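The residues making up each chain are set out below.
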Amino acid sequence: MERLVYSVCAKDCGLGAYVSIMAASISGYTFSSVCYHSANTNSDHEGFLLGEVRQEETLSISDSHIGSSEFVSVIEVHNHEPCAQLFSFYDYAGNVNEENLNRILKDRRKNVIGWYRFRRNTQQQMSFREQVIHKQLTNILGIPDLVFLLFSFISTANSSTHALEYVLFRPNRNYNQRISLSIPNLGNTSQQEYKVSSVPNTSKNYAGVIKEHGNEFFDKDGVMKDIRAIFQVYSALQQRVQAVCCEVDQSERVREKIQEEVNKLKEEIALRKRNRAEEERRLQEAAAVPLPDNSALPDSSQSSPTQVVLSGPSVEPSVERPVNSSSPPIYSTTLPPDSPSAILLPRPQAVGSPGHPSPSLGLGNGDGSSSDSLNRQATGQEDGDDEDSSEYENLVSEQLQPPSLTETVTLGRPATLWPDGDAHSPPGS
Amino acid sequence: MFLLKFSTVINKQIREKNTSCLIVLYIMAVSAVHLESDAFLVCMNHALSTEKEEVMGLCIGEVDTNRIVHIHSVIILRRSDKRKDRVEISPEQLSAASTEAERLAEMTGRPMRVVGWYHSHPHITVWPSHVDVRTQAMYQMMDQGFVGLIFSCFIEDKNTKTGRVLYTCFQSVQAQKGSEYERIEIPIHVIPHEAIGKVCLESAVELPRILCQEEQDTYRRIHSLSHLDPITKIHNGSVFTKNLCSQMSAISGPLLQWLEDRLELNKHSIIKLQEEKERLTQELASL
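The structure displayed is predicted, hence computed values, not measured ones. Within each chain, residue numbers correspond to sequence positions counted from 1 in written order. Chains and ligands are labelled by the order in which they are written, letters from A for the one and numbers from 1 for the other. Only residues with pLDDT of 70 or above have their local features reported here, since the model is predicted, and side-chain atom pairs are shown and tallied only from 80 upward, although totals for entire chains, interfaces and linings are computed over all residues. Hydrogens and water are ignored here; the side-chain numbers use all heavy atoms of the structure.

**Points about the overall build of chain A**
Cut-off, in case you're wondering: Numbering of helices and strands starts at the N terminus; helices are DSSP runs of H or I of at least 4 residues and strands are runs of E of at least 2. Only protein chains enter the calculation, and the probe is 1.4 Å; a residue is then buried if its accessible area is under 20% of its type maximum, exposed if over 50%, and partly exposed in between. Residue contacts follow a heavy-atom distance rule, with two residues in contact if any of their heavy atoms lie within 4.5 Å. Here the Shrake-Rupley method, with its probe set to 1.4 Å, supplies the accessible areas, and only the displayed protein chains count as covering residues.
Along chain A, the regular secondary structure elements total five helices and nine strands. Secondary structure elements of chain A occur, N-terminal to C-terminal, as β-β-α-β-β-α-β-α-β-β-β-β-α-α. The burial tally for chain A puts 44% of its 429 residues in the buried class. By sequence separation, contacts in chain A at least 24 residues apart represent 68% of the contacts at least 6 residues apart. For chain A, the exposed area adds up to about 23,400 Å²; of that, 52% sits on carbon and sulfur atoms.

**Concerning the UniProt feature "coiled-coil region" (unreviewed entry) in chain A**
Our working definition: UniProt positions are given in the numbering used here, feature names are shortened, and annotations may be inferred rather than shown by experiment.
Per the UniProt entry, the sites bearing "coiled-coil region" (unreviewed entry) are residues 248–282 of chain A in this numbering. Along residues 248–282 of chain A, the helical share is 100% and the strand share 0%, with 50 Å between the first and last C-alpha atoms.

**A few points about the pattern of salt bridges**
We apply this condition: Whenever Lys or Arg places a side-chain nitrogen within 4 Å of a carboxyl oxygen from Asp or Glu, that contact is recorded as a salt bridge.
Scanning all chains against the criterion turns up 38 salt bridges over all chains. The shortest N-O distance in the salt bridge between Arg119(A) and Glu130(A) comes to 2.8 Å. Separated by eleven residues along the polypeptide, Arg119(A) in strand β5 (residues 112–120) and Glu130(A) in helix α3 (residues 128–141) bring together distant segments of the chain. Both residues of the pair, Arg119(A) and Glu130(A), count as buried. When the shortest N-O distance is used, the salt bridge between Glu283(B) and Lys273(A) registers 3.3 Å. Of this pair, Glu283(B) sits in helix α8 (residues 230–286) while Lys273(A) is found in helix α5 (residues 225–288), placing the two residues in two different chains. Glu283(B) sits in the partly exposed class, given a relative accessible area of 23%. By relative accessible area, which is 35% here, Lys273(A) ends up partly exposed. Salt bridges here are not isolated pairs; linked through shared partners, they connect Asp249(A), Arg253(A), Glu256(A), Glu100(B), Arg103(B), Lys198(B) and Glu202(B).

**Section: unusual backbone geometry**
At Lys106(A), a residue that is not glycine, the phi angle is positive and equals roughly 55°. Within the secondary structure layout, Lys106(A) lies in the loop between α2 (98–105) and β5. Overall, Lys106(A) belongs to the partly exposed group, its relative accessible area being 41%. One non-glycine residue with positive phi stands out, namely Arg67(B), at about 60°. Inspection of the secondary structure assignment puts Arg67(B) in the loop between β2 (56–63) and β3 (68–76).

**Examining the confidence of the model for chain A**
All names here are of chain A. The following threshold applies: Confidence scores here are pLDDT values: one per residue, from the predictor, ranging 0 to 100.
Scored by pLDDT, chain A comes out at a mean of 71, with 59% of its residues at no less than 70. In this model residues 1–18 is a low-confidence stretch, pLDDT under 50, and it forms 36 contacts with partners more than four residues away in sequence or in other chains. Long-range and interchain partners of residues 296–330, a stretch whose pLDDT sits below 50, account for 29 contacts in this model, where long-range means more than four residues apart.

**Structural notes on the packing of α2(A) against α3(A)**
Residues and elements named next belong to chain A. For the record, the criterion: Axis definition: a line fit to C-alpha positions, over the contact stretch in the case of helices; interaxial angles, taken between N-to-C directions, run 0 to 180 degrees. When an angle is under 35 degrees it counts as roughly parallel; over 145 it counts as roughly antiparallel; between 65 and 115 it counts as roughly perpendicular; any other value is oblique. Residue polarity follows a fixed list, in which Ala, Val, Leu, Ile, Met, Phe, Trp, Tyr, Cys and Pro are nonpolar, Asp, Glu, Lys and Arg are charged, and the others, Gly among them, are polar.
The geometry of α2 relative to α3 is characterised by a closest axis approach of 12 Å and an angle of 75° between their N-to-C directions. Of the possible angle classes, the one that applies to α2 and α3 is roughly perpendicular. Taken together, the residues of α3 that come into contact with α2 (itself represented by Glu98, Leu101 and Leu105) are Leu137, Ile140 and Leu141. Class assignment for the residues of the contact of α2 with α3 results in five nonpolar, no polar and one charged.

**Looking at the domain arrangement of chain B**
All names here are of chain B. As a reminder, the rule being used: Where a domain begins and ends is set by an automatic assignment or by a domain database. When two parts are put together, the accessible area they lose, computed with a 1.4 Å probe and summed over both, is reported as buried area. In protein, a polar contact means a hydrogen-donor-capable atom and an acceptor-capable atom, both N or O and within 3.5 Å, with residues adjacent in sequence counting only if both atoms are side-chain atoms; elsewhere, any N or O pair within 3.5 Å suffices.
As far as domains go, chain B holds domain 1 (30–191) and domain 2 (198–286). Distance from the C-alpha centre of domain 1 to the C-alpha centre of domain 2: 22 Å. With 17 residues of domain 1 at the interface, the matching set in domain 2 holds 13 residues. At the boundary of domain 1 with domain 2, total buried surface from both sides reaches about 1,200 Å², with 68% on carbon and sulfur atoms. Where domain 1 packs against domain 2, one counts two salt bridges. Salt-bridge contacts for glutamate 202 lead to arginine 103; the nearest nitrogen and oxygen are separated by 3.2 Å. Inspection of the domain 1/domain 2 interface yields three residue pairs in polar contact (both at pLDDT 80 or more). Elements with a contribution of two residues or more to the side of domain 1 that touches domain 2: α3 (37–47), β3 and α4 (91–108).

**So, the packing of α5(A) against helix α7 (residues 206–223) of chain B**
Formally: Working rule for handedness: look at the near helix, and if it is turned counterclockwise from the far one by less than a right angle, call the crossing left-handed; if clockwise, right-handed.
Remark: α5(A) packs on α7(B), axes separated minimally by 11 Å, with the N-to-C direction vectors making an angle of 160°. Taken as axis vectors, α5(A) and α7(B) run roughly antiparallel relative to one another. Both α5(A) and α7(B) take part in a crossing whose hand is left-handed. Residues Ile227(A), Phe231(A), Tyr234(A) and Gln238(A) of α5(A) touch α7(B), and the partners they reach there are Pro208(B), Arg209(B), Cys212(B), Gln216(B) and Tyr219(B). The residue makeup of the contact of α5(A) with α7(B), split by class, is six nonpolar, two polar and one charged.

**A few points about the domain arrangement of chain A**
One can read the domain layout of chain A as domain 1 (22–182) and domain 2 (213–273). Look at where the C-alpha atoms of domain 1 of chain A and domain 2 of chain A centre, and you get two points 28 Å apart.

**Points about helix α1 (residues 28–39) of chain A**
Residues and elements named next belong to chain A. Where we set the bar: In a helix, the anticipated span is given by 1.5 Å times the number of residues less one.
Taking 1.5 Å as the rise per residue, α1 with twelve residues should run 16 Å; its terminal C-alpha atoms sit 16 Å apart, in good agreement. For α1, the tally of buried residues reaches twelve of twelve residues, placing the bulk of the element in the interior. Turning to α1, its buried residues are Gly28, Tyr29, Thr30, Phe31, Ser32, Ser33, Val34, Cys35, Tyr36, His37, Ser38 and Ala39. Among the residues of α1, the N-terminal cap falls to serine 27, whose side-chain oxygen and the backbone nitrogen of tyrosine 29 are separated by 3.1 Å.

**Looking at the interface of chain B and chain A**
The condition is simple: The rule for pairing is simple: two strands pair if DSSP sees at least two bridges between them.
With 127 residues of chain B in contact, the opposing surface of chain A contributes 120 residues. Put simply, chain B and chain A have nine salt bridges between them. A salt bridge links Glu193(A) to Lys242(B); its shortest N-O distance comes to 2.9 Å. For the pair chain B and chain A, the number of links is 43 residue pairs in polar contact (both at pLDDT 80 or more). Taken together, the residues of the side of chain B that touches chain A sort by class into 61 nonpolar, 36 polar and 30 charged. Where strand β7 (residues 161–170) of chain A and strand β6 (residues 162–174) of chain B come together, six bridges link them in antiparallel fashion. Bridging across to β6(B), His162(A) finds its partner in Tyr167(B).

Below, the structure written as structure tokens:
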């Protein structure tokens, strides 16, 4: 049976043949970029997936059929558009604001094929709000098969091992279908295809013909012309990569500098507001205290007896934490230096806890998103989700050593989900 | 190998002493690892570049007085031995990396040095193998604060269509019984770093160059064989062309696309930040 495959770059095959999603792919650089943006925020992170949906027709010819074709769709994610903050295009009720959406996407709106969300310590399923938002995005963007990529981040209690799980959903299909997401890469670079010897051949005709016509492939130096040509393409490409890299570097430095200036301004504003509030409080106190006898008290240089201060609610100095704080957050380390049994860690109360001996309560936003807090607790509870979030409570590592020396925690899925089931060393180790 | 001979001598001396003290020493060497997010980005890029073999690199950074290892950037390395699970680093590579660390120290004004190594485990578990643990132990002979990172990727659960990427940090300690080594887990945290550092960008764009260099070296060795007939030479030349094309389409192309997207994103961010700066300046003036 022969199968002919050719692809058509169109979003709508229009032939009425059966169409099903076969697979999806995302560039490794785009994937890493999403991880990078997610790592830079303590809360959830979300954004849009840009790319194209390609239709492939598979033609099958067999002895019983003249030919039958099957159309499959392949989703290709080229890049992503990160949202600077949560709730940037929707509100707490999940109502999407099209104006804000257009402001985020601009002219990239036509390239949207889906959106994504990164969450910590939550289950691998869409929350109620995400489902509501997805339906609206489907209608507003006019993409019937809009996809949703969910990233979930879990850690061992001692924070030595972290796992990023990702699932691509097709929510507009029945049963919220999942699609396998592949990351195209270099694959095999073992260079085993080079031949180190020629096939033995004593035919003089053969040797004569290949020598005469084969010489056209080589230049006067004996180097293959194709190699010079392809190397030129590579060199030009690498030069362009370097050039764009320099531009990116410059833009990063400019952005960094302006960010620092913005942070300083915010600190200065916060400081002045604090000082002003302090001054007002002092004036209020001074006005409230009755004036003593002149002979008893020293002269105060700060008195302003004529000023009347209206008493009102005291202004709480709001120390606004800059979005991009220059000082790194303090992460707890789980190896108390003086403890001889430091490697015997306490059982984790919840996945993603910082491993602190007394983890504080995390603040959840009710829809499974983690708050802007370093204490990552397993919130797990989505709106309308009654399932127990304890599925991720333990994270077990594979034991290579006796249990007395290392703590073991299981990843939040049953062991059967591991493709290899066990963690024995690969052969040859 | 140089490292192996050197470590054998040291190992014997250590075994003759009280090993329980050594275990405590290893525990106290490193309390945690802080990996800057832009260095983490480069590691992920590198790990996801190929699923058919393990990639590796070195971590550059510093250790503070709280025994926290700060990794500021990474250096992508070429693998001389591409056999499975053979990720040892040669003394020459370590020396070259140290030189690079010195260059980075001058550039950043911070005391940088080689503080660890990382490698990938495509399609296999994130935990270090016996070879990895032994290799890590040897590095710790030279520097007890040396740490090892492993990135496990290209893992998918076919039933739930869930993909996974994992990373772990470890050191080695000698087992109480026998001469084998065991791993100890080291907490690792990815530290937010909004802007991608220059050194990380340089490391990221080094990958296509390293891949091409490896391909050229292999081809040169083959091309120097004089007994090959023209057909075989044409074949080998085509293999070189094919491999270079794969590198360009799988690595250079997506890398360039990501750089362009990043540039665009930065331009928009700069505009927004400028607007915010003006607004804050006015607000400050009014206070």
